[in-house]
Every structure is written in structure tokens, then in C-alpha cells.
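Structural overview for review
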Amino acid sequence: NNVIGTHDYTARASSISGSTFNPLTVGGGLGSPVDAFRTTYGGARLFTGAIGTAFQIPSGTMVTSGQVSGNSVVKTDYENNSNEIKLTFNIGLNNANAGTNKSVYLITNIGCYQIEYDPVLPKDDTQTLFIPFILSWDRYVE
């Protein structure tokens, strides 16, 4: 049983001054955008509160987290010249069941990002929640 619905969202950069979650701090240097979700440090965290400024992470309590290395964050293979990586944060039956799933914090080797959802992402212990993301990049052209 999947949670289905349409949600408004606000997204912005996060941890731009460095953070204990930031892979640039704990994992060292930038890699290729194609390797945007590092196997060791890349991941996502689900929070109960609103997103913060670009210097912060979301507020509230961290409800659950996932990492690429644990297969709870899955990325698709890179398509040549697409300039994007598709990711899915998979949250199983035993996590995030309080109905207070407000914000996600993404950790990549090309930056950290936070996304706030409105309304909150509903889920109970009979549902699996899949949160999709597309991380894209390209040169700016006027």
C-alpha cells in the first residue's frame, strides 16, 4: 500500500557553512555530479519541523534516515548527457508512522538540500512511503 498524493513543497540549499551531516565536512572533497549520492555519506533524513535558512537543517525531530549504502535511498544509473540523477527515499512499514513527516534533508557530494512539504506526508504502519527527487545541474546560459 503506497502513500499517494500531491503536495506543495519549498526547497532550498542547506548547511552551506558546513554541518556534521555535510559530506564535504565528513567525507572530504567534491566528486562528479554523476556521483551525487556518495555511497558512504549520501543519504536523506526525514524531520517533523519546517526547513531552516540555507545555513541550517530542518527543525523538529529526525523521524528516520536512509543511506545509499543501506539501500533505503536508491539512485538510478546516470543517463549520458542528461545532467540529472534520480533518487528515491524509501521508508518502510516500521518507520515514520506518527503522521508528522514535514521535511526532508538530502546529503550529496554537490551540496545539501532541504525540502518542506505541505501538507505533511501521511503514513502509517500499513504503508510504504517513496519520496522521489531529481537532482539536476547544467551551465547557466542567457
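Okay, so let's go over this structure.

Reading the values: the criteria
Residues numbered from 1 in each chain as written. Predicted model: local features only at pLDDT ≥ 70, side-chain atom pairs only at ≥ 80, totals over all residues. Heavy atoms only, no water. Buried < 20%, exposed > 50% of the residue type's maximum accessible area, 1.4 Å probe, protein only. Helix = DSSP H or I, 4+ residues; strand = E, 2+ residues; numbered from the N terminus. Pairing = 2+ DSSP bridges. Contact = heavy atoms within 4.5 Å. Core = buried A, V, L, I, M, F, W, Y, C linked by side-chain atoms within 4.5 Å. Axes fitted to C-alpha atoms, helices over the stretch in contact; angles between N-to-C directions.

What about the pairing of strand E5 (residues 84–91)?
Of the two faces of E5, the one holding Ile-85, Leu-87, Phe-89 and Ile-91 is buried and the one holding Glu-84, Lys-86, Thr-88 and Asn-90 is not buried anywhere. In the sheet, strand E4 (residues 73–75) pairs with E5 via three bridges, with the strands oriented antiparallel. Bridging across to E5, Val-74 finds its partner in Thr-88.

Thoughts on the side chain of Lys-102
Counting through the fold element by element, Lys-102 comes out in strand E6 (residues 101–108). Lys-102 has contacts with Phe-47, Thr-48, Gly-49, Ala-50, Ile-115, Glu-116, Tyr-117 and Val-120, leaving out every residue within four places of it along the chain.

Describing the nonpolar core
Ranked by size, the top nonpolar core spans 16 residues in total, and within it Leu-46, Phe-89, Ile-91, Val-104, Tyr-117, Ile-131 and Phe-133 carry the most contacts. Among the elements of the structure, strand E2 (43–47), E5, E6, strand E7 (111–121) and strand E8 (129–136) are those that each provide at least two residues to this core. The biggest single contributor to this core is E5, with four residues.

Examining the sheet that holds E5
The strand order E4-E5-E8 describes an open sheet built from three strands, whose pairing is antiparallel. Both edges of this open sheet fall to E4 and E8, since each of them pairs with a single strand only. Ignoring strand direction, the axes of neighbouring strands in this sheet form an average angle of 20°.

Function-wise, these values are silent; they only describe arrangement.
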